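Listed below, chain by chain, are the residues.
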Amino acid sequence: MADKIMNFNVGVLGHVDSGKTSLSKALSTQASTASFDKNPQSRERGITLDLGFSSFCVDLPDRLKEDDRDTLQFTLVDCPGHASLIRTIIGGAQIIDLMMLVVDVTKGFQTQTAECLVIGAITCEKMIVVLNKVDLIPEEKRQMTIEKMTKKLRKTLEPTKFADSQVIPVAAKPGGPESEDENHIGVTDLIESLKSNAYKPKREETGPLIFSVDHCFSIRGQGTVMTGTVLKGCLSTNDTVELPSMKVTKKVKSMQMFRKPVNKAVQGDRVGVCVTQFDPKQLERGLVCSPGALPTINAAVISAQKIPYFKGSASTKAKFHITMGHETVMGRLSFFGVYKSDVPDFTPSANEFNFDLKYKHQDELLDMKSDGENELPLQQFALVELEKPVTCDHHSLVIGSKLDTDIHANICRLAFNGVLLDSSTDPKYAESFMPRVKVYKNKMREGIVERKVDDYSVICRGLFKKESNMEMFIGLRVELSSGEKGLIEGSFGQSGKFKVRIPDGLSADSNALLAATKGKKSKGKATPEAAPAETDTSGPIKVFLHFKRYSYDPQKKMMQS
Ligand SMILES: Nc1nc2c(ncn2[C@@H]2O[C@H](COP(=O)(O)OP(=O)(O)OP(=O)(O)O)[C@@H](O)[C@H]2O)c(=O)[nH]1
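Everything numeric in this text was worked out from a predicted model, so none of it was measured.

Colleague: Got a minute to help me understand the overall build of the protein in this structure?
Modeller: On a plain count of helices and strands, the protein comes out with 8 helices and 29 strands. Residue burial in the protein is summarised as follows: out of 561 residues, 51% are buried. Considering only contacts in the protein between residues 6 or more positions apart, those separated by 24 or more positions represent 71%. Only carbon and sulfur atoms are counted for the fraction: they give 49% of the accessible area of the protein, which is about 26,800 Å².

Put into structure tokens, the structure is as follows:
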């Protein structure tokens, strides 16, 4: 029977107390009302009703019929408290096909609503906004309030991919907690909306199995049952599966879907899998896979984009909560990006990282909408050093967040998101990574113009040590604080001084300034031994050298202007 069902996963998200659980209950209850009783399968539920999973069935709409399936099952994934929200959702992200964003009509868009919107935008394609608790508005004002709130929400959604989402007013639990009122408002409309928004989800059976376990218990005499969702691949009875966190393999003895025995489950299915006995406390949640399919990684390269609602900065070397696959651990970030000026024909790619390109170090992850004068990167990445190893799939979603932020502070805790592109089990990966890719930093050195030779050349000091090999710097461009541009022509004497040629000649002002200091001994004169940074640069005209320093240069001498 199970194979006559098309399963469609719906995430139920929203701010605390917006009514997610009440809504899930109202919808699931609807499944057993007369309207669905026409179809005997409509009463079937998902095998797990606790932990926020429930389901209801409707007749499969004609537009989705293409084989002998006749039932559309909505599996509702009710995401409860905020603390577990991110983990729960990212865990199920690859199987949530649509998000119901529950908004309390009396409160409107709240902080966590924004976080849910962000997660939804990252993880799923479609959304329906459920405007709950409309019973709390007096009937005579109800329509007007709903319209006002809908207008407001539309404005918020406009810049997102969910701009065209339907907004459905409901009362999932009319009268509130103590009420016995079963006359839900708008739930039938919501089911219609779910039906019209449902689509044939992409499910693939090929590739290794990845099964996300959300509940685990033992049945005496039979074995241990793991319930969860097939994220990738398929699973059959008698298969051997690995439990990476326990480093053991187990044989699948039997499986159940919709409380009926099945021999096979594919991507997107919720299933109970009975394996040979183990202590269920050891695996409350986590991943199960085909043997050897999932690496346990210590460091990774991810693509990274800043979440617009995040108001803090995401700086290189800062620590964030990193959710990868099903685990959340602390990680240290080093950001870098690829720029058109370095790689003119670069096309951003969601799933690949090219070690051969030229990347620029970022002091912090840039907001791609910022309109500063500087060139924006075409794509940004991060090297992530994890504090604890994480077992996860290649191309897993990654979310960086500040979960320790006070949730009452009314700020979005989600900082950036991306995809896992490269990873390593080698704890020294991070150390060896930067030297392997060409990540450069823009550097600037500052010296002073000591005197004029003629109208087209000056002698400068303060950029190099006396032992510096000046050959390396000949031809590099420099800039004077007075605006002239010049080229380093060669060394001057033995103390690190150098001659700069100004092709367009010194300006009248520079000539005057240099004439005024002529003969005066400028204070803090650079000693030949002094390092450039310690040199006094209080001369009348400064000289700047901009260059790129590549992290792969062990001597830190390689420069490129
Ligand atoms: N008046 C009224 N109260 C509602 C409605 N829906 C939910 N409530 C009440 O709102 C409170 C929160 O409802 P829940 O369904 O637990 O909300 P939730 O979003 O699942 O809560 P968390 O999981 O804790 O975030 C409860 O007291 C409900 O009885 C509604 O349509 N009308």
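So, next bit.
Colleague: I tried to follow the site of the ligand on my own but got confused; where do I start?
Modeller: With respect to spatial proximity, 19 residues lie near the ligand, and among them K20, T21, S22, D135 and A172 are the closest. At a separation of 2.8 Å, an oxygen atom of the ligand approaches a polar side-chain atom of K20. The separation between an oxygen atom of the ligand and a polar main-chain atom of A172 is 2.9 Å. If the ligand stood free it would expose 650 Å²; the protein chains cover 81% of that surface. Residues that form the shell around the ligand fall into these classes: 6 nonpolar, 8 polar and 5 charged.

Colleague: Mind showing me how you'd approach the packing of aromatic side chains here?
Modeller: Summed over the entire model, instances satisfying the criterion amount to 15 aromatic pairs. Centroid distance F353 to F355: 5.0 Å. Interplanar angle 85 degrees. Geometry classified as edge-to-face. Geometrically, the ring pair formed by F353 and F381 is edge-to-face, given 5.2 Å between the ring centres and 70 degrees between the ring planes. Within this pair, whereas F353 is found in the loop between β19 (327-338) and β20 (358-362), its partner F381 is found in strand β21 (residues 379-391), the two being separated by 28 residues in sequence. A relative accessible area of 12% places F353 in the buried class. Joined through ring pairs, the aromatic side chains of F336, F353, F355, Y359 and F381 make up one cluster. The ring centre of F320 lies 4.3 Å from the NZ or CZ of K402, which sits over that ring.

Colleague: Please clarify how the pattern of salt bridges should be interpreted in this entry.
Modeller: Where charged atoms from two side chains of opposite charge approach closely, those side chains can pair. Counted under the stated rule, the structure contains 18 salt bridges. The salt bridge partner of K319 is E387, with a shortest N-O separation of 2.8 Å. Placement of K319 in strand β18 (residues 319-324) and of E387 in strand β21 is noted, with a sequence separation of 68 residues between them. Residue K319 is classed as partly exposed on the basis of its relative accessible area of 41%. Three or more residues are tied together by salt bridges with common partners; here these are D104, K107 and K133.

Colleague: Looking at this structure, I do not really get helix α6 (residues 187-197). What am I missing?
Modeller: Because each turn of an α-helix spans 3.6 residues, side chains separated by three or four positions in sequence point in the same direction. When α6 is considered as a whole, its buried residues turn out to be V187, L190, I191, S193, L194 and N197. For α6, the angular spread of the buried residues around the axis is 160 degrees, confining them to a single face.

Colleague: Looking at this structure, how should I read the environment of L283?
Modeller: Note that L283 resides in the loop between β14 (270-275) and β15 (286-289). Remark: the alpha-carbon pair of L283 and S254, spanning 29 residues in sequence, is separated by 18 Å. With residues near it in sequence (within four places) discarded, L283 still touches V213, C216, M226, L243, S245, M246, F278 and V288.

Colleague: Explain the nonpolar core to me, please; I cannot follow it from the model alone.
Modeller: Within soluble globular proteins, side chains that are nonpolar tend to cluster in buried spots. Formed by 27 residues in total, the largest nonpolar core has its most connected members in L23, L27, L72, F74, M100, L190 and L194. Counting only elements with at least two residues in this core, the list comes to β1 (5-14), α1 (20-30), β2 (53-59), β3 (71-78), β4 (98-104), β5 (126-132) and α6. Not counting the four nearest positions on each side in its chain, L23 is found in contact with V12, M100, V102, V130, V170, A172 and L190.

Conventions and cut-offs
Residues numbered from 1 in each chain as written. Predicted model: local features only at pLDDT ≥ 70, side-chain atom pairs only at ≥ 80, totals over all residues. Heavy atoms only, no water. Helix = DSSP H or I, 4+ residues; strand = E, 2+ residues; numbered from the N terminus. Buried < 20%, exposed > 50% of the residue type's maximum accessible area, 1.4 Å probe, protein only. Contact = heavy atoms within 4.5 Å. Areas by Shrake-Rupley, 256 points an atom, 1.4 Å probe, with all protein chains shown as cover. Near = heavy atom within 4 Å. Polar contact = N/O pair within 3.5 Å; in protein donor to acceptor, adjacent residues only side chain to side chain. Nonpolar A, V, L, I, M, F, W, Y, C, P; charged D, E, K, R; others polar. Phe/Tyr/Trp six-rings, centres within 6.5 Å; stacked < 30°, edge-to-face > 60°. Lys NZ or Arg CZ within 6 Å of the ring centre and 35° of its normal. Salt bridge = Lys/Arg side-chain N within 4 Å of Asp/Glu carboxyl O. Arc of directions from axis to C-beta. Core = buried A, V, L, I, M, F, W, Y, C linked by side-chain atoms within 4.5 Å.

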